[in-house]
Amino acid sequence: LTVTKSLNELENSLKYKKIVRISKLEIIKKKKVSRFNLKISGTVYVLFKNGKSTYVSRRYVSKIKERLGV
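1. Structural notes on the pairing of strand β3 (residues 33-38)
Examined bridge by bridge, β3 and strand β4 (residues 44-48) share 5 bridges and lie antiparallel to one another. Its bridge partner lying in β4, Arg 35 is registered against Leu 47. Hairpin connection of β3 to β4: 5 residues between the antiparallel strands, including Gly 42 at a positive phi of 100°.

2. A look at the side chain of Thr 54
Tracing the backbone through its elements, the reader meets Thr 54 in strand β5 (residues 53-55). You can call Thr 54 buried: its relative accessible area is 15%. Within the local environment of Thr 54, its side chain forms a polar contact with the side chain of Glu 26, the two groups lying 3.3 Å apart. Dropping the residues within four chain positions of it, Thr 54 is found in contact with Ile 22, Glu 26, Val 44, Tyr 45, Val 46 and Phe 48.

3. A closer look at helix α2 (residues 58-68)
Within α2 the residues assigned to the buried category are Tyr 60, Val 61 and Ile 64. Taken end-on, α2 shows its buried residues confined to a sector of 125°, consistent with a single buried face. Exposed side chains of α2 directed beyond 90 degrees from the buried face belong to Arg 59, Ser 62 and Glu 66. As for α2, its buried residues are in contact with β1 (19-21), β3 and β4. In the stretch just after α2, Gly 69 is the one whose phi turns positive, near 75°.

4. Re a positive patch on the surface
Among the surface-exposed residues, Lys 18, Lys 29, Lys 31, Lys 32 and Lys 49 lie close enough to one another that they form a single positively charged patch. Following the sequence through the fold, Lys 29 ends up in strand β2 (residues 27-29).

5. Brief notes about the nonpolar core
Membership of the largest hydrophobic core is limited to 11 residues, which are Val 20, Ile 22, Ile 28, Val 33, Val 44, Val 46, Phe 48, Val 56, Tyr 60, Val 61 and Ile 64. Among the secondary structure elements, those contributing two or more residues to this core are β4 and α2. The contacts of Val 61, once residues within four sequence positions are left out, are Gly 42, Val 44 and Val 56.

Calculation rules
- Residues numbered from 1 in each chain as written.
- Predicted model: local features only at pLDDT ≥ 70, side-chain atom pairs only at ≥ 80, totals over all residues.
- Heavy atoms only, no water.
- Pairing = 2+ DSSP bridges.
- Helix = DSSP H or I, 4+ residues; strand = E, 2+ residues; numbered from the N terminus.
- Buried < 20%, exposed > 50% of the residue type's maximum accessible area, 1.4 Å probe, protein only.
- Polar contact = N/O pair within 3.5 Å; in protein donor to acceptor, adjacent residues only side chain to side chain.
- Contact = heavy atoms within 4.5 Å.
- Arc of directions from axis to C-beta.
- Patch = residues over 30% accessible without salt bridge, like charges linked within 9 Å, V, L, I, M, F, W, Y side chains within 5 Å.
- Areas by Shrake-Rupley, 256 points an atom, 1.4 Å probe, with all protein chains shown as cover.
- Salt bridge = Lys/Arg side-chain N within 4 Å of Asp/Glu carboxyl O.
- Lys, Arg positive; Asp, Glu negative; His and termini not counted.
- Charge placed at Lys NZ, Arg CZ, Asp CG, Glu CD.
- Core = buried A, V, L, I, M, F, W, Y, C linked by side-chain atoms within 4.5 Å.

Put into structure tokens, the structure is as follows:
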């Protein structure tokens, strides 16, 4: 998928509750996530339903925890 908007513009134009910004370079759809794992070290691991995974950037961990109610 090629997008001409910046991630900030894209994030602001999409419905806020359906997407989550997890890093400077990534936004994800919450419905595609299998689970979020909160590690003891404070990092957040994201596992998708298709088996792929990623980590939440340290800058966005507090925002993710807030969104998840942790």
